[in-house]
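Descriptive structure summary
Each chain, letter by letter, is given below.
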Amino acid sequence: MRNTHATGPSTWEYTLYVPHDPRAVAIARHTLTRVLTTHRLPGLIDDASLLASELLGNAIRHTEGPAALKLRHNGRALRLGAWDTDPTPPGGPAVPDGYGLHLVDACADDWGWFRVNTGAGAAGKYVWCELGAAD
């Protein structure tokens with residue numbers, strides 16, 4: 001019989017809400033590193049840190065409200081996502097120096113985005129990407 005208490009659950013999720021502050025990206029990277037280390041996924045740290053920095057950095061750089069970094073592991077893959085308060089699609093001509101999404105496209109196994117509307121007056125978008133769970 002496998003002791004799941006010693007190894008932890010294979011499916012988990014964390015959300016880190018951050019203020020509109022460029023320092024939040026470094027704090028999120030540090031938190032991400034601790035989460036992946038704790039869940040014994042050190043092989044994902046470098047790529048996940050790069051992708052989380054891009055996603056959350058874009059959310060802070062191109063919006064004026066708070067943001068959040070969401071991490072979800074389903075036993076096979078890690079999904080990273082950044083929520084922000086602007087429902088405008090990511091990238092496009094308004095971002096002339098925006099290489100970030102090209103980086104996300106090159107490094108992630110998959111990525112996408114969708115608009116968020118909670119119905120309580122809060123709107124925005126969620127940009128996500130996935131990495132395979134190699135350790």
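Residues numbered from 1 in each chain as written. Predicted model: local features only at pLDDT ≥ 70, side-chain atom pairs only at ≥ 80, totals over all residues. Heavy atoms only, no water.

Right, let's get into the overall build of the protein. On a plain count of helices and strands, the protein comes out with four helices and five strands. Along the protein, helices (α) and strands (β) appear in the sequence α-β-α-α-β-β-α-β-β when read from the amino end. Long-range contacts, defined here as pairs at least 24 residues apart, represent 65% of the contacts in the protein between residues at least 6 apart. Here the protein has roughly 7900 Å² of accessible surface; of this, 54% comes from carbon and sulfur atoms. (Helix = DSSP H or I, 4+ residues; strand = E, 2+ residues; numbered from the N terminus. Contact = heavy atoms within 4.5 Å. Areas by Shrake-Rupley, 256 points an atom, 1.4 Å probe, with all protein chains shown as cover.)

A separate point is the environment of Tyr17. Inspection of the secondary structure puts Tyr17 in strand E1 (residues 11-18). Separated by 66 residues in the primary sequence, Tyr17 and Trp83 have C-alpha atoms spaced 9.0 Å apart. In this structure, Tyr17 is in contact with Ala67 and Ala68, ignoring residues within four places of it in sequence.

The next point concerns the side chain of Lys125. Along the chain, the position of Lys125 falls in strand E5 (residues 123-132). There is a polar contact of 3.2 Å between the side chain of Lys125 and the backbone oxygen of Thr88. Setting aside chain neighbours within four positions, we find Lys125 in contact with Ala82, Trp83, Asp84, Asp86, Pro87, Thr88, Pro89, Pro90, Trp113, Phe114, Arg115 and Val116. (Polar contact = N/O pair within 3.5 Å; in protein donor to acceptor, adjacent residues only side chain to side chain.)

The next point concerns helix H2 (residues 23-38). Its 16 residues place the ends of H2 23 Å apart at the C-alpha level, agreeing with the 22 Å of an ideal helix rising 1.5 Å per residue. Those residues of H2 that fall on the buried side of the exposure criterion are Ala24, Val25, Ala28, Leu32, Val35 and Leu36. The buried residues of H2 occupy an angular sector of 100 degrees when the element is viewed end-on, so they sit on one face. Exposed and facing more than 90 degrees away from the buried side of H2 are Arg23, Ile27, His30 and Thr38. Buried-residue contacts for H2 involve E1, helix H3 (45-61), strand E2 (67-74) and strand E3 (77-84). (Expected span 1.5 Å × (residues − 1). Buried < 20%, exposed > 50% of the residue type's maximum accessible area, 1.4 Å probe, protein only. Arc of directions from axis to C-beta.)

Within the structure shown, the criterion is met by five salt bridges. Here Arg23 makes a salt bridge to Asp21, at a shortest N to O gap of 2.7 Å. Taking the relative accessible area as the measure of exposure, Arg23 reaches 61% and is therefore exposed. Among the residues examined, Asp21 registers a relative accessible area of 17% and is labelled buried. Here Asp84 and Lys125 are joined by a salt bridge, their closest N and O atoms 3.1 Å apart. Separated by 41 residues along the polypeptide, Asp84 in strand E3 and Lys125 in strand E5 bring together distant segments of the chain. Each of the two residues, Asp84 as well as Lys125, counts as buried. By sharing partners, the salt bridges in this structure join Glu13, Lys70 and Arg72 into a single network. (Salt bridge = Lys/Arg side-chain N within 4 Å of Asp/Glu carboxyl O.)

Okay, the sheet that holds E5 next. In spatial order, the strands read E1-E2-E3-E5-E4; together these five strands make up an open sheet with antiparallel pairing. Of all strands in the sheet, those with a lone pairing partner are E1 and strand E4 (110-117), marking the two edges. If you compare each strand with its neighbour and ignore which way they point, the axes differ by 15 degrees on average. Taken strand by strand, H3 contacts E1, E2, E3 and E5, and its axis lies near 15 degrees from that of E3. (Pairing = 2+ DSSP bridges. Axes fitted to C-alpha atoms, helices over the stretch in contact; angles between N-to-C directions.)

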